[in-house]
Amino acid sequence: MAEAVLVSLSAKVAMALARSTAMGVVTSLGLGGVHSSIAAAEHELSLLRGHLRSGGASCRGAEDDDQDPIDSWANQVRDVAFQLDDITDECCFLSGSGHGFARYCANVPTWIALSRRLRKVREKLGQLLEAANYQRQRVDVMNNVVSCGELRREDDAVAAGRRMAENARSMDKEEIIGFSDHREVLVRWLLAEDAAEPRRRTLLAVCGMGGVGKTTLVASVYKAVTAPAAAPASHHFDCDAWVTVSQRFTMEDLLMKILRKLNLNTVGRRAGTGRRRRRSATDVGDGGGATDYGSLVAALRERLANKRYLIVLDDVWDETLWDGLERAMPDGDGVAGSRVVITTRKSGVAMAAAPERTMALEPLPTHQGWALLCSVVFKDVPGHRCPSHLREVAGDMLERCRGLPLAIVAVGKLLSHKNRTEFTWRNVRDSLAWVKNSEDLGIGEASRILNLSIDDLPYKLKKCFLSCSIYPEDFLIKRKILIRSWVAQGFIDEAKEVHGERRTMEDVADHYLDKLVQRSLFQVAVRNEFGRAKRFLIHDLIKDLINHRSKHEEGFVQFAECDLTMDSNIRVRHLALDRCTSSRRSASAAKIAALRSFQAFGSKLDASLMSCFRLLTVLNLWFIEINKLPSTVTNLPNLRYLGIRSTFIEELPKDLGKLQKLQTLDTKWSMVQRLPSSLSKLKSLRHLILLKRHAADYYRPYPGTPVGQLPAGLQNLTSLQTLKYV
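Residues numbered from 1 in each chain as written. Predicted model: local features only at pLDDT ≥ 70, side-chain atom pairs only at ≥ 80, totals over all residues. Heavy atoms only, no water.

**Q** Outline the overall build of the protein, listing residues and values.
**A** Helices and strands together make up the secondary structure of the protein, namely 24 helices and 18 strands. Burial status across the protein gives 53% buried among its 726 residues. Within the protein, contacts between residues separated by at least 24 positions form 65% of all contacts whose residues are at least 6 apart in sequence. Summing over all exposed atoms, the protein offers an accessible surface of approximately 32,100 Å²; the carbon and sulfur share of this is 49%. (Helix = DSSP H or I, 4+ residues; strand = E, 2+ residues; numbered from the N terminus. Buried < 20%, exposed > 50% of the residue type's maximum accessible area, 1.4 Å probe, protein only. Contact = heavy atoms within 4.5 Å. Areas by Shrake-Rupley, 256 points an atom, 1.4 Å probe, with all protein chains shown as cover.)

Written out as structure tokens, the structure reads:
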């Protein structure tokens, strides 16, 4: 994620450099070094970005002793990028804090302090560049610091996936809990003739979020239809192969893997029946010595010709994989009844199969989750019965898993090695976490597999998703609010024309949201009358992971049901309070001033806390018992999102028009019934949502009353896209 910080910073640096008016006055005062230093720092950042982006294959050869310095270097890069981000935002703040020579003169001490901070940042950038160059000469592992860590995680997760598939193939049918109906359907799809196209091979897809049981289900069915046995189903296919597909694969490597597995399985099966045949050139593991794509395709087609085959491609991530692989899989009379099965976390990959041959898996219902947990923990107990004194604490841990089989099995294995006392199990429950101590608890494998879904995200999409850590647990995230928040925080690039049509930033953000749904990271909770997703949930385990990662990688920090106290050692850039109590003494003014977003849900706020904000871009208050928004909010020139939903706020500041960058003003279910006349000055306003609640009672918002008294000059709001409810 260090690269993501640097990339997102570039646009902000360019904005600061473009502030020629402010910089011109600063130069006249003898402080022109700020301008040149920012430009030089941006160049040095681009060099660091080159170190982060260049090939990561050599990371695999790094010794373990080299990993700590690499991780430390990446953390320092992220830290210095955050410092430069602060300086750049301060430049934008000073540039927008007023006009006139007198104002700029008044800010001279701040510019001087900024220049000193910038000098220290440039010194640190120079040290990091020297360290990167030295490390690259010493051992070729610096080519991609961030990707190196992600590659290690991927290798661990892929190995874990292979172990899961092998374990599932060794399990009896009775041990697979919660998928009996799915199993019957999948067996039928594999063995029954396709009535619509009986002479063709058929592509099947099984999709769902990581850990939901895709590999276990398919492996169980694969064993039933391929393992040497007396059952007729085991002789249905002439040849078969199971291949786990890594995130970073090449088509050539994948074709060779399939060839090797086909030969291994066929030779093993013939050996089991006492029959062997002479091996042809295409029977060797590397496709007869071929290494190029065309030759490997020809070798695989020859190997599969006139055979009914079954190929399983487990854990596919690339949506273009089937496009490159399809021509290698023979189709027609000679291979009628052949099947290719794909398991994937991404619905975009599953779309390669016909909708009637696509199976979507969901987390287990509570009763099946309980049966699975008990079967793992109490396998030695008749009927797998849980003792009465452990049922409550076991139920608490099951609730944390939220029906995810991978997590349930991981917790079950952990408990199976513990004494069956209430005291011991309560200690396990209280220490259960999917991040910090997952390795110590023995649930690290599950954590790695779930993390892989996050690691696979492009950096822009990853930043958007990590920002969702600010929402409370089980919170229904509203589509439009999330989109507008992403745009306001600068996570979305300026839109470009696509096929002659100009897309707004909201369109791009909407596309990002759909991508996260397709990757099974968001769960659709509510759809509108047209079937479009309206509200979303994040699975609790995924939420735990992004809470941890966003805190350390992006500075997103959430406090829940507590008094706000901010650790001085943590860099906080985005703060969320869930049913908390805060006062101006809760944190240093410097930490509050550095915040970029502040969101509060059902918390008790000291309104004076908001007077400390300085660089804020998002201010979002939900269910907050204050009736007036402090006028100091209008002194935030970077503010782009102002939300006061479901609050008792009755009026907005008269100088609201000073917020020249404000994009969204959302007062729905507040007590606001009139708007200040300065509203017409908000030239950047894109979304204006107005609806007065019925009474100052959280339980009686309905029916809402449209705001009828609108100020003159709304025709000046030329950027407006949304106007509700007036």
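Alright, that's what it looks like, and here's the rest.
**Q** Now, about the nonpolar core: what can you tell me, with residues and values included?
**A** Core analysis: the biggest nonpolar cluster contains 91 residues, and L186, W425, F465, W486, I492 and F522 have the highest contact counts within it. If one sorts the elements of this core by residue count, helix α16 (residues 405-416) sits on top with seven residues. Those residues in contact with F522, other than ones at most four positions away along the chain, are F465, C468, I477, L482, L513, L516, V517, F536, L537 and I538. With 42 residues, the next largest nonpolar core counts L564, C580, L619 and L717 among its residues. (Core = buried A, V, L, I, M, F, W, Y, C linked by side-chain atoms within 4.5 Å.)

**Q** Could you give an account of the pattern of salt bridges, with specific residues and numbers?
**A** Counted by the stated rule, this structure contains 24 salt bridges. A salt bridge links D514 to R479, with the nearest nitrogen and oxygen atoms 2.7 Å apart. Highlighted residues: D514 in helix α22 (residues 505-518) and R479 in helix α21 (residues 479-488), separated in sequence by 35 residues. (Salt bridge = Lys/Arg side-chain N within 4 Å of Asp/Glu carboxyl O.)

**Q** Pulling in residues and values, what's your account of the side chain of R519?
**A** Within the fold, R519 resides in the loop between α22 and β9 (523-527). The class of R519 is buried, set by a relative accessible area of 11%. In contact with R519, other than residues within four places in its own chain, are R345, K346, D456, L457, P458 and L461.

**Q** Tell me what's going on with the sheet that holds strand β2 (residues 239-244), and back it up with residues and numbers.
**A** Strands in a sheet are paired, the pairing made by backbone hydrogen bonds, and the direction either parallel or antiparallel. Ordered in space as β2-β3-β4-β1-β5, the five strands form an open sheet in which the pairing is parallel. The open sheet terminates on both sides in strands that have one partner only, identified here as β2 and β5 (358-360). Looking at each pair of strands side by side, their axes are set apart by 10° on average, direction ignored. Across six bridges, the pairing between β2 and strand β3 (residues 309-316) is parallel. Bridge assignment links C239 to a residue of β3, and that residue is Y309. Where helix α8 (residues 180-191) meets the sheet, it contacts β1 (202-207), β3, β4 (339-344) and β5, and its direction lies at approximately 165° from that of β5. In this fold helix α9 (residues 214-226) packs onto β1, β2, β3, β4 and β5, with an angle of close to 160° to the strand it touches most, β2. (Pairing = 2+ DSSP bridges. Axes fitted to C-alpha atoms, helices over the stretch in contact; angles between N-to-C directions.)

**Q** Tell me about the environment of A576, residues and numbers included.
**A** Mapped onto the secondary structure, A576 falls in strand β12 (residues 574-578). On the basis of relative accessibility, which here comes to 0%, the residue A576 falls in the buried class. Beyond its immediate chain neighbours, meaning those up to four positions away, A576 contacts I470, V557, Q558, F559 and Q599.

**Q** Could you give me a rundown of a nonpolar patch on the surface, with the residues and numbers involved?
**A** Among the surface-exposed residues, L710, L723 and V726 lie close enough to one another that they form a single nonpolar patch of about 230 Å² accessible area. With respect to the element layout, V726 can be found in the segment after β18 (722-724). (Patch = residues over 30% accessible without salt bridge, like charges linked within 9 Å, V, L, I, M, F, W, Y side chains within 5 Å.)

**Q** For the packing of helix α14 (residues 366-377) against α16, give the residues involved together with the corresponding values.
**A** Where α14 meets α16, the axes come as close as 8 Å, and the angle between the chain directions of the two elements is 35°. Crossing hand, α14 versus α16: right-handed. Residues G369, L372, L373, V376 and V377 of α14 form the contact with α16, whose participating residues are P405, I408, V409, V411, G412, K413, L415 and S416. Class assignment of the residues belonging to the contact of α14 with α16 gives a composition of nine nonpolar, three polar and one charged. (Left-handed = near helix turned anticlockwise from the far one by under 90°. Nonpolar A, V, L, I, M, F, W, Y, C, P; charged D, E, K, R; others polar.)

**Q** Explain the packing of aromatic side chains to me, and be specific about the residues and the numbers.
**A** Scanning the entire structure with this criterion turns up 10 aromatic pairs. Here Y471 and F475 contribute two aromatic rings whose centre-to-centre distance is 5.4 Å and whose plane-to-plane angle is 15°, an arrangement assigned as stacked. A centroid spacing of 5.3 Å and a plane angle of 45° characterise the contact between F598 and F613, whose relative ring orientation is tilted. In this pair, F598 is assigned in strand β13 (residues 597-601) and F613 in the loop between β13 and β14 (618-622), connecting sequence segments 15 residues apart. When sorted by exposure, F598 lands in the same class as F613, which is buried. Members of the aromatic cluster, connected to one another through ring pairs, are Y471, F475, F601 and W622. (Phe/Tyr/Trp six-rings, centres within 6.5 Å; stacked < 30°, edge-to-face > 60°.)

**Q** Could you give an account of the sheet that holds strand β6 (residues 477-478), with specific residues and numbers?
**A** One open sheet holds the three strands; their spatial order is β6-β10-β9, and the pairing between them is antiparallel. Among the strands making up the open sheet, the edge pair consists of β6 and β9. Inspection of the sheet shows β6 paired to strand β10 (residues 533-537) by two bridges, in the antiparallel sense. Each bridged residue has a counterpart across the sheet, and for I477 the counterpart in β10 is F536.

**Q** Requested: an account of the confidence of the model for the protein, with residues and values cited.
**A** Residues at a pLDDT of 70 or more form 73% of the protein, whose mean pLDDT is 79. Confidence drops under a pLDDT of 50 for residues 54-67, and excluding neighbours within four residues, the segment shows 22 contacts in the predicted structure. (pLDDT = per-residue confidence, 0-100.)

**Q** Summarise α21; cite the residues concerned and give the values.
**A** For an α-helix, 3.6 residues make a turn, and residues three or four places apart therefore share a direction. The buried fraction of α21 amounts to nine of the 10 residues, a majority that puts the element mostly inside the structure. Of all the positions in α21, only R479, I481, L482, I483, R484, S485, W486, V487 and A488 are classed as buried.

**Q** Account for the packing of α8 against α9, naming residues and giving values.
**A** Two elements in contact, α8 and α9, have axes separated by 10 Å at closest approach and are oriented at 50°. Between α8 and α9, the angle falls in the class oblique. Crossing hand, α8 versus α9: right-handed. The segment α8 lies against α9, with H182, R183, L186, V187, L190 and L191 engaging L217, V218, S220, V221, A224 and V225. Taken together, the residues of the contact of α8 with α9 break down into nine nonpolar, two polar and one charged. (Parallel < 35°, antiparallel > 145°, perpendicular 65-115°, else oblique.)

**Q** For the environment of R357, give the residues involved together with the corresponding values.
**A** Position of R357 among the secondary structure elements: in the loop between α13 (347-350) and β5. Distance from R357 to L204, taken between C-alpha atoms, is 5.2 Å for residues 153 residues apart in sequence. Filtering out sequence-adjacent residues up to four positions away, R357 remains in contact with W189, T202, L203, L204 and A205.

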